[in-house]
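Descriptive structure summary
Here is what each chain is made of, one letter per residue.
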Amino acid sequence: MIQIKNINKSFGDLHVLKDFSADFQRGKVNLIIGQSGSGKSVMTKCIVGLMEVDNGSILYEGEDFSVMSNKERKEIRKEIGMLFQGSALFDSLTVEENVMFPLKMFTNMSKKEMLDRVNFCLDRVNLSGRNKLFPSECSGGMQKRIAIARAIAMKPKYLFCDEPNSGLDPSTSIVVDNLIKEITYEYDMTTIVITHDMNSVIEIGDNILFLYKGMNWWTGTKEEIIKTDNQEINDFVYASQFMKNLKEKLKQEF
Amino acid sequence: MNYIHSIGKYFNMLRSVFARPERLKIYYTRTLTEIETIGLNSIGIVAILSVFMGAVISLQTASNMDSPFLPKYTIGYITRSSTILEFSPTIISLILAGKVGSNIASEIGTMKVTEQIDALEIMGVNSLSFLVLPKVIAAVFFFPFLIIISMGLSILGGYFALMSANLASHDEYIYGIRAFFEMGDIYYALTKTAFFAFIIVTVSSFFGYFTKGGALDVGKSSTQAVVWSSICILLMNFVLTQLLLF
Ligand SMILES: Nc1ncnc2c1ncn2[C@@H]1O[C@H](COP(=O)(O)OP(=O)(O)OP(=O)(O)O)[C@@H](O)[C@H]1O
Ligand SMILES: [Mg+2]
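Residues numbered from 1 in each chain as written. Chains lettered and ligands numbered in written order. Predicted model: local features only at pLDDT ≥ 70, side-chain atom pairs only at ≥ 80, totals over all residues. Heavy atoms only, no water.

A short note on the overall build of chain A
Counting its regular elements, chain A contains ten helices and ten strands. Relative to a compact globule of 254 residues, whose C-alpha radius of gyration would be 18 Å, chain A shows 19 Å and is just as compact. Summarising its shape, the C-alpha atoms of chain A cover approximately 55 × 45 × 30 Å along the three principal directions. Expressed as a percentage of its 254 residues, the buried residues of chain A come to 52%. Sequence-distant contacts, at least 24 apart, represent 63% of the contacts inside chain A between residues at least 6 apart. Side chains of chain A carry 32 positive and 35 negative charges; the gap between the two charge centres is 3 Å. (Helix = DSSP H or I, 4+ residues; strand = E, 2+ residues; numbered from the N terminus. Rg over C-alpha atoms; globule rule 2.2 N^0.38 Å. Buried < 20%, exposed > 50% of the residue type's maximum accessible area, 1.4 Å probe, protein only. Contact = heavy atoms within 4.5 Å. Lys, Arg positive; Asp, Glu negative; His and termini not counted. Charge placed at Lys NZ, Arg CZ, Asp CG, Glu CD.)

Description of the coordination of the magnesium ion (ligand 2)
Tetrahedral metal sites with four donors have an ideal angle of 109.5 degrees; octahedral sites with six donors have ideal angles of 90 or 180 degrees. Residues and elements named next belong to chain A. Every protein donor of the magnesium ion (ligand 2) is accounted for by S41 (OG) and Q85 (OE1), and the metal-donor separations fall at 1.9 to 2.3 Å. One end of the pair, S41, is in helix α1 (residues 40–48); the other, Q85, is in the loop between β6 (80–83) and α3 (95–106), with 44 residues separating them in the sequence. A relative accessible area of 36% places Q85 in the partly exposed class. (Donors = N, O, S within 2.8 Å, 3.2 Å for Na, K, Ca; no water.)

Brief notes about the sheet that holds strand β7 (residues 158–162) of chain A
Residues and elements named next belong to chain A. Pairing is mixed in the open sheet, where six strands are placed in the order β6-β7-β8-β3-β9-β10. With one partner strand each, in any of the chains shown, β6 and β10 (215–220) form the two edges of the open sheet. Between one strand and the next, the sheet's axes are offset by a mean angle of 15 degrees, whatever the strand orientation. Relative to β10, strand β9 (residues 207–212) is paired through five bridges, and the arrangement is antiparallel. By the bridge assignment for β10, L209 is matched with T219. (Pairing = 2+ DSSP bridges. Axes fitted to C-alpha atoms, helices over the stretch in contact; angles between N-to-C directions.)

Notes on the site of ligand 1
All names here are of chain A. Around ligand 1, the structure places 15 residues, and the nearest of them are S36, G37, K40, S41 and Q85. The contact in question runs from an oxygen atom of ligand 1 to an N or O atom on the side chain of S36, over 2.6 Å. A distance of 2.8 Å separates an oxygen atom of ligand 1 from a polar side-chain atom of Q85. In isolation ligand 1 offers 630 Å² of accessible surface; the protein chains occlude 63% of this area. Sorting the residues of the shell around ligand 1 by element identifies β2 (14–24) and α1 as the ones contributing at least two each. Here the element with the most residues in the shell around ligand 1 is α1; it accounts for three residues. When its residues are assigned to classes, the shell around ligand 1 shows five nonpolar, eight polar and two charged. (Near = heavy atom within 4 Å. Polar contact = N/O pair within 3.5 Å; in protein donor to acceptor, adjacent residues only side chain to side chain. Areas by Shrake-Rupley, 256 points an atom, 1.4 Å probe, with all protein chains shown as cover. Nonpolar A, V, L, I, M, F, W, Y, C, P; charged D, E, K, R; others polar.)

Observations concerning the interface of chain B and chain A
Facing 18 residues of chain B, the contacting portion of chain A comprises 23 residues. Buried surface at the junction of chain B and chain A, summed over both partners, amounts to about 1800 Å²; 64% is from carbon and sulfur atoms. Sorting the residues of chain B by area buried against chain A places R23, I122 and M123 of chain B first, and these three jointly supply 39% of that buried surface. The interface formed by chain B and chain A includes two salt bridges. The closest approach of N and O atoms between E115 of chain B and K45 of chain A, which form a salt bridge, is 2.8 Å. Taken together, the links from chain B to chain A amount to seven residue pairs in polar contact (both at pLDDT 80 or more). Elements with a contribution of two residues or more to the side of chain B that touches chain A: α2 (24–39) and α5 (116–123) of chain B. With seven residues, the single largest contributor to the side of chain B that touches chain A is α5 of chain B. (Buried area = accessible area lost by both parts, 1.4 Å probe. Salt bridge = Lys/Arg side-chain N within 4 Å of Asp/Glu carboxyl O.)

If you want it as structure tokens, here you go:
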């Protein structure tokens, strides 16, 4: 469980996060939605310590991350898997080496065990047999999936995904969504997913958080987001006529 | 003020670079790879430059020796000393600052802007030490070898130039090369080289690592890396020459 208490983050005059607070629960897929540029990526980077917050605290299982020493932070980071918005694969390494990298760095597995784990992870993202390709030889969607495989290689306790299905076709997108959902339940992880994909919102959002004006504007479950009367949410999620109609339909069903 | 801030940041960076490595075995293999990319792959350019540098130095010296009282072997002597003391360590290091420095800055800069460095950090890897330390070790150990090669080839280049232009005899040149030789000169040159290697790698890594923005900024960082490593080499050269020769 990750708790965020009143964090602030600004870049010069740009106040991106204003007294932002949230709880991200263990064993649940916590979704974050919000407009482009609203600070979703910045928020995740603050949570994992890639950016320092101006003030406020971030608690991992009750331990305050923002006051930890580098060494203590490192220990927590080894339990974090992260999928970056731009995949961030190591382009000098092959697919296999990318996924194997954290294992090599932090475990004492034998070569065979590592390879088994790599193949298992690649299989989970439907990429078995692509071991020897370089990231530059993979499509954008494949790169996303390789990055997911790398993020889950160490069986993390916390998984952060920054737009895991942007740039994926609808069917692969569902595969990735389901994968995230399954591993979250399977490993009892605290998963935080940033998404623009309303399909994911309805499919996998156990908890949904709407980031608006740098604040935690609205939180609820997928059922609640269908029923809500919150104006900003409705303007954002159900922007198109198609979505508006869909909402009416769904409302009747629930 | 800005410069002071950067210098502070640079030394802070060095502290992280020399933090205790997490996995010695991985660092070891990375160092071998770096020896190949920044060392072995530079042999070609160093060889070509050195031969021509030596050739020109000897021709220049020969053309400036009008006085009949100066023995011919002086050409060999001057070619050798200027090559060993100054041209090989300093000029070749400046060339390497261009080749290796821009390479390092763009490699690390690209990793920075594509969030690969963030990815390392998130895994709990000390990215600075992981990326920079193997390069530092590779350069500090391997550049002196490059300079030894350069010295040899320069002197050889001088020999061929003189022979083909018929400006001195074989014996005269060889005698000059061996005259008043001191091993200390070589140690002095190699010590300088090791310092220059350190400067090239750390300064270039610094500019690469603190790149902000996109591809365009990577290009800028790489230019800055070359400019500043060259300036630092020249400053360091001045300081070391003062310290070591006097
Ligand atoms: N390193 C930085 N320096 C200065 N400003 C930044 C930095 N990173 C982000 N910002 C600013 O913070 C704001 C939020 O950016 P962020 O990347 O978090 O948006 P986002 O919600 O993830 O958007 P998207 O959905 O498009 O990815 C933007 O206005 C951006 O310009
Ligand atoms: Mg983003």
